[in-house]
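Descriptive analysis of the structure
Listed here are the chains, written in short residue letters.
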Amino acid sequence: MQHIVCYSGGHSSALVALDVAHRFGTRNLVLLNHDMHFSVEHADIKRFKRDVAEHLGVPLTFASRRNASQDQFDVCVEALAFKVGSGSELCTARLKTEPFMEWLAVNASQGESVIYYGFDATEPGRIQRRTGIMGALGWQTDYPRLWADRKHDSTETLGIPRPCTYGVFKHGNCIGCLKAGWQHWYIVYCTRPDIWLKAQWAEDEIGHAIHWDGDKPVYLEDMEPKFAVMKANGIPATEHIPHQRFWAHANKIIRINVVQEALPCECTS
């Protein structure tokens, strides 16, 4: 049996890799990753992926993209859209889902492979959705963070620090995630002006906003003066302040209609 771990670079996916290796060994273990562009995937996430893989003695396997130089904004501008189909983010489709399915078609066999995800007991909706989608396509899935006998709860116990990005963000998503709400994008505004400007460029090129308030587009350009006021008044740039408390504090300074987040990315934990 081939054991394929959706190895995102997030802490949960690393724990899954460790637990699958502990239960089944590493002979048929695949650490399948989307190596996102260095401009939006922090170097320390790339370090973390390598450290865990080296600890297991298993090479990283990459589901290759057609153009590895593209980030989430590039693929959207190329398609002149942020979303596709029923409203799913185009970046997920182009950068992750399509390369993943293409890799499976060539390198894995239904009935002889299990695909492992890092979803845990707090995410029943994601588990049900992923099981249904992959099952309908003929693939078996499993979720080691639900195993009663799981062995690993932290990579730090192995001497492998999790990515430094967890000091600010809650997930290993791309910085400038198109599914993220304003709290994430406030961090981008404060800490990554290069990504903020590229996202503005993408909105201008496509002619649509990344974020919508109901049926009204809200462009990053519109948010810039509001975020500047928040920053000047010392609102911390972090996702570790609970959503409601963060905006309760911010809205005492300047009124912002909060955008509902769609985090995390389906293949990221």
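Structure shown above.
Remember, predicted model here, so these are calculated numbers, not experimental data. (Residues numbered from 1 in each chain as written. Predicted model: local features only at pLDDT ≥ 70, side-chain atom pairs only at ≥ 80, totals over all residues. Heavy atoms only, no water.)

The contact between helix α6 (residues 182–191) and helix α7 (residues 193–206) brings their axes to 6 Å, and the two run at 115°. Between α6 and α7, the residues in contact are W185, V188, Y189 and T191 and P193, I195, W196 and A199, respectively. Class assignment for the residues of the contact of α6 with α7 results in 7 nonpolar, 1 polar and no charged. (Axes fitted to C-alpha atoms, helices over the stretch in contact; angles between N-to-C directions. Helix = DSSP H or I, 4+ residues; strand = E, 2+ residues; numbered from the N terminus. Contact = heavy atoms within 4.5 Å. Nonpolar A, V, L, I, M, F, W, Y, C, P; charged D, E, K, R; others polar.)

With that settled, consider the sheet that holds strand β1 (residues 2–6). Read from one edge to the other, the open sheet built from 5 strands follows the order β3-β2-β1-β6-β7, with strand pairing classed as parallel. A single partner strand is all that each edge strand has here, and the edge strands are β3 (60–62) and β7 (140–142). Across the sheet, the axes of successive neighbouring strands diverge by a mean angle of 35°, strand direction being ignored. Judged from the 4 bridges that link them, β1 and strand β2 (residues 29–33) form a sheet pairing that is parallel. Across the sheet, residue V5 finds its bridge partner in β2, namely L31. Packed on one face of the sheet, helix α4 (residues 90–107) meets β1, β2, β3 and β6 (113–116) and runs near 170° to β1. (Pairing = 2+ DSSP bridges.)

Let us now look at α4. In this model α4 runs 24 Å from its N-terminal to its C-terminal C-alpha over 18 residues, within 8% of the 26 Å that 1.5 Å per residue would give. L90, C91, T92, A93, L95, K96, P99, F100, W103 and L104 are the residues of α4 that are buried. (Expected span 1.5 Å × (residues − 1). Buried < 20%, exposed > 50% of the residue type's maximum accessible area, 1.4 Å probe, protein only.)

Take unusual backbone geometry next. If you check the backbone angles, L80 has positive phi at about 55° while not being a glycine. Residue placement: L80 occurs in the loop between α3 (72–79) and β4 (83–84). Given a relative accessible area of 53%, L80 falls into the exposed group.

Time to look at the packing of aromatic side chains. For the coordinates displayed, the defined rule picks out 15 aromatic pairs. When the centroid spacing of 4.9 Å and the interplanar angle of 85° are considered together, the rings of F246 and W247 count as edge-to-face. (Phe/Tyr/Trp six-rings, centres within 6.5 Å; stacked < 30°, edge-to-face > 60°.)

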